[in-house]
Amino acid sequence: MADKSFNPFKMAQQQFDEIAEKLNLDEGTRELLREPIREYHFSIPVKMDDGSVKVFRGFRVQHNDSRGPSKGGIRFHPQETIYTVKALATWMTWKCAVVDIPLGGGKGGVICDPHNLSASEQEQICRGWVRQVARNIGPLQDVPAPDVMTNAQHMLWMMDEYEKIMGGRFPGVITGKPVGMGGSLGRTEATGYGVIYTVREALKEMGIDIAETTASFQGFGNVSQYAIQLYQQYGGKAVCVSCWDQEDQKSYSFVKKDGIDLDELMKIADKFGGINKDKAKELGYEILAGEDWIKQEVDILVPSAIENQVNADTVKLISNKVKIVAEGANGPTTPEADKVLKERNIFNIPDFLANAGGVTCSYFEQVQCNMNYFWPKEEVLDRLDAVMTKAFHAVYDLANKKKLYMRDAAYMIAISRVAEACKLRGWV
Ligand code: NAD
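Counting of residues starts from 1 at the beginning of each chain's written sequence and follows it residue by residue. Where local features are concerned, this predicted model is filtered to residues with pLDDT of at least 70; where side-chain atom pairs are given and counted, the filter is 80 or more; whole-chain, interface and lining totals use all residues. Heavy atoms from the whole structure form the basis of all side-chain values; hydrogens and water molecules are not counted.

Glancing now at the overall build of the chain. Numbered from the N terminus, helices here are DSSP runs of H or I no shorter than four residues, and strands are runs of E no shorter than two. Looking only at helices and strands, the chain features 14 helices and 12 strands. Relative to the 2.2 N^0.38 estimate, which gives 22 Å for 428 residues, the radius of gyration of the chain is 21 Å and therefore close to what a compact globule would have. Referenced to the eigenvectors of the C-alpha coordinate spread, the extents of the chain come out at roughly 55 × 55 × 45 Å. Only protein chains enter the accessibility calculation, which uses a 1.4 Å probe. A residue is then buried if its area is under 20% of the maximum for its type, exposed if over 50%, and partly exposed in between. Considering the chain as a whole, with its 428 residues, one finds that 57% of them fall into the buried category. Each radius of gyration is computed over the set of C-alpha atoms, and the globule rule expresses the reference value as 2.2 Å times the number of residues to the power 0.38.

If you want it as structure tokens, here you go:
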């Protein structure tokens, strides 16, 4: 978000144009899907603790709701722009469609830095945001969720404001709430587990026993920790994790060839997923440079930290042993690196498929809230497994049949499902 010259929405449109061409979509559908269907821009005045009034800019974008209510997070970020929000809303449409949940794509944001705001100021931003869009969101219209620098408390303030305006209880208006206040069990695990459900299915198709494989993970946050947990439960050996070191302002890789111990690493990690390197050294981990996670001689690479990590330079470091790159993070692979992965026949599980477990579980949260009846964790995870497995195979089958790269196959499925919904509704 910091690079002002980079326009993520242009990139989202380019990706769409390429697939629209391959699908031979008609002009009307292309025009409709290239742009969000609705965009709200507004001001949120806040009485600051020092007595002054500060006005924050807020956004909500609904890219397409032909398959169901829009769904997507709200980010608080000082460099937030409408282009980021539009791009993310577009990608949410494709993500919900590829896993075939009945939701459209949305995203919201406020230009602010929560680090410099008191709890009361943040609460006013949350309530002010809802007051501006209360008539345009709702369990049947558009269901926001947490994202960068927003959390369960922000979601509760937003739900409360919505309920005050609408005069009733509408827990299905927003997801990412704490368990016991409308949140779903299994949400913490959902994204990481979802990544590994897709890895498990890919290995099955390759005829490889997961218990005979090794993997290296970039990131040690929510996605990565739970991905490692399930991968190890399946018998896989995770030999490396890398994470960001706040003190040194650079990343490191932590390697243990006979397998990392997740519990012991979690005990020496902070809440931002940074591992204490002195303690890790004492525990017998080899501490290597940040990019070493990608050089490991493993079967599976799981980039689960930030974007642009598998790029023109780092892709050259990938060992010949690697068979799968499963994208836990959003946008970890650049188009240049994608070309190399294709050439080298490395199997890619694209981000909007691999990490869709999170939004799928948010959808489950919304369903449970609308019923006001909550499922046990096992049921949530079983349903999640079923959705992810089915989505993986739909993409895999198309890729196999038409000899497509997995990312292209996933886009083709997602975009054609949304185009079909628009057509069936008579919009195009
Ligand atoms: P997180 O903040 O919990 O953890 C991020 C991890 O990445 C931390 O361990 C951090 O140290 C590490 N990291 C940051 N910069 C790094 C760098 N340059 N090199 C190595 N490690 C680095 O985040 P998360 O929730 O685990 O999300 C990770 C990625 O997955 C993001 O791209 C996010 O958008 C995506 N994602 C998350 C979810 C979810 O439900 N959490 C859902 C879909 C997609």
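What follows picks up the thread again.
Our next topic: the nonpolar core. Throughout this description, the term nonpolar core refers to a set of buried Ala, Val, Leu, Ile, Met, Phe, Trp, Tyr and Cys residues connected via side-chain atoms within 4.5 Å. By size, the foremost hydrophobic cluster in this structure holds 81 residues, and its most contacted members are Trp94, Phe217, Phe220, Val241, Ile275 and Ile349. Where each domain starts and ends comes from a domain assignment, either automatic or drawn from a database. Inspection of this core shows a minimum of three residues originating in each of domain 1 (37-170) and domain 2 (188-349). Filtering out sequence-adjacent residues up to four positions away, isoleucine 275 remains in contact with Phe220, Val241, Cys243, Asp245, Phe254, Leu265, Ile268, Ala269 and Ala280. Val46, Trp129, Val130 and Ile174 belong to the second largest nonpolar core, which has 26 residues in total. Contacts were defined at the residue level, with two residues in contact if any of their heavy atoms lie within 4.5 Å.

Whenever a pair of cysteine sulfur atoms sits within 2.5 Å, that pair is classed as a disulfide. For the structure on display, the rule yields zero disulfides. Looking at the unpaired cysteine 112, the closest cysteine sulfur is the one in cysteine 126, lying at 8.4 Å. The cysteine cysteine 422 is free of any disulfide, with cysteine 96 supplying the nearest cysteine sulfur at 14 Å.

Interpretation in functional terms is not warranted from these geometric data alone.
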